[in-house]
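Residues per chain are reported as follows:
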Amino acid sequence: MSFAEQLSRLQAFLDADELHEEALDYVAAHGYLTALSICPEQVPEREWIDALFAEPPHYRSDTERDEIEGTLLQLKAHIGRQLASDDDPELPCDLDLGDDPDESDLRGWCIGFMEGVFLREGVWFEDAEDEVSELLLPIMVGSGLFDEQPEFAEIARDRHLVDEMVEQIPELLTALFLLFNAPEEKPALLKPRHH
């Protein structure tokens, strides 16, 4: 079975209604795996797979479970390779929150990404808190998870600003990846600004 076929099976499985309501759908799972691929600490497979589903799914067979989990691992490896390459990673959704952000795939992707961050939140922020916060800001805004905080509510009201922010997500992912995985090659964006 080709990787594309495996992915479409995974997508059908994750987007099905019978999964636990807190389980991540395909687009959110992609965001989640992206965060895990960037995180400087490897989260054990069992832990992140179980967290992705919220509770164990009702697989039709052990074979199906192995297939789904195997494809998740392959997708994570695929995302990791994209992040390490010179090209900005591709998201499985438009970089646009649309007219109803809560219904948009991008919001789902950003929520999934933040779920991945929350698994090891301390690790993300321990070394370069300001830089990481700055790079994560568009994803945090896109997720809508923080809209109750005044500074986020203020950004959310400026649709043009939000659109500009979310369009930067692929390049920010590359910058985050480099920050954690190749600290000696800090992206230009993070060099100290000399006045």
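Calculation rules
- Residues numbered from 1 in each chain as written.
- Predicted model: local features only at pLDDT ≥ 70, side-chain atom pairs only at ≥ 80, totals over all residues.
- Heavy atoms only, no water.
- Buried < 20%, exposed > 50% of the residue type's maximum accessible area, 1.4 Å probe, protein only.
- Salt bridge = Lys/Arg side-chain N within 4 Å of Asp/Glu carboxyl O.
- Helix = DSSP H or I, 4+ residues; strand = E, 2+ residues; numbered from the N terminus.
- Patch = residues over 30% accessible without salt bridge, like charges linked within 9 Å, V, L, I, M, F, W, Y side chains within 5 Å.
- Areas by Shrake-Rupley, 256 points an atom, 1.4 Å probe, with all protein chains shown as cover.
- Lys, Arg positive; Asp, Glu negative; His and termini not counted.
- Charge placed at Lys NZ, Arg CZ, Asp CG, Glu CD.
- Core = buried A, V, L, I, M, F, W, Y, C linked by side-chain atoms within 4.5 Å.
- Contact = heavy atoms within 4.5 Å.
- Expected span 1.5 Å × (residues − 1).
- Axes fitted to C-alpha atoms, helices over the stretch in contact; angles between N-to-C directions.
- Parallel < 35°, antiparallel > 145°, perpendicular 65-115°, else oblique.
- Left-handed = near helix turned anticlockwise from the far one by under 90°.

Residue A54 is not a glycine yet carries a positive backbone phi of 70°. In this structure A54 comes out as partly exposed when scored by relative accessible area, which is 37%.

Let's shift gears to the pattern of salt bridges. In total, this model carries 9 salt bridges according to the counting rule given. Among the salt bridges present, the one from R9 reaches E67, with a minimum N-O distance of 2.9 Å. Placement of R9 in helix α1 (residues 3–14) and of E67 in helix α4 (residues 62–84) is noted, with a sequence separation of 58 residues between them. Residue class for R9 comes out partly exposed when judged on its relative accessible area of 46%. With a closest N to O distance of 3.0 Å, R46 and D50 form a salt bridge. Of this pair, R46 and D50 are both found in helix α3 (residues 45–53), 4 residues apart, which corresponds to roughly one turn of the helix. Judged by relative accessible area, which is 42%, R46 ranks as partly exposed. Note on D50: relative accessible area 42%, which makes it partly exposed.

Once that is clear, we can look at a negative patch on the surface. A cluster of acidic residues, D15, D25, D94, D96, D99, D100, E103, D105, D158, E164 and E167, forms a negative patch at the surface. Along the chain, the position of D105 falls in helix α5 (residues 105–118).

Right, let's talk about the nonpolar core for a bit. Generally speaking, a soluble globular protein has its nonpolar side chains buried in company with each other. The biggest cluster of nonpolar side chains holds 61 residues, and the ones touching the most others in it are L14, F53, W109, F113 and W124. Broken down by element, this core gets its largest block of residues, 9 residues, from helix α2 (residues 26–38). Discounting residues that sit within four places of it in the chain, F113 has contacts with A28, G31, Y32, T34, A35, I38, W124, L136, I139, L173 and L176.

It is worth spelling out helix α7 (residues 129–143) at this point. For α7, with 15 residues, the first-to-last C-alpha span of 19 Å sits near the 21 Å given by 1.5 Å per residue. Taken residue by residue, α7 has E131, V132, L135, L136, P138, I139, M140, V141, G142 and S143 as its buried positions. Buried positions along α7 lie against α5, α6 (121–125), α8 (150–157), α9 (159–167) and α10 (169–181). Trailing α7 by a residue or two, G144 shows a phi angle of about 70°, which is positive.

The next point concerns the packing of α7 against α10. Each pair of packed helices can be described by the angle between their axes along with the distance between the axes. At a minimum axis distance of 9 Å, the contact between α7 and α10 shows a crossing angle of 155°. Between α7 and α10, the crossing angle belongs to the class labelled roughly antiparallel. Once α7 is placed against α10, the crossing between them reads as left-handed. Of α10, the residues touching α7 (which contributes E131, V132, L135, L136, P138 and I139) are I169, L172, L173, A175, L176, L179 and F180.

These figures capture arrangement, not role.
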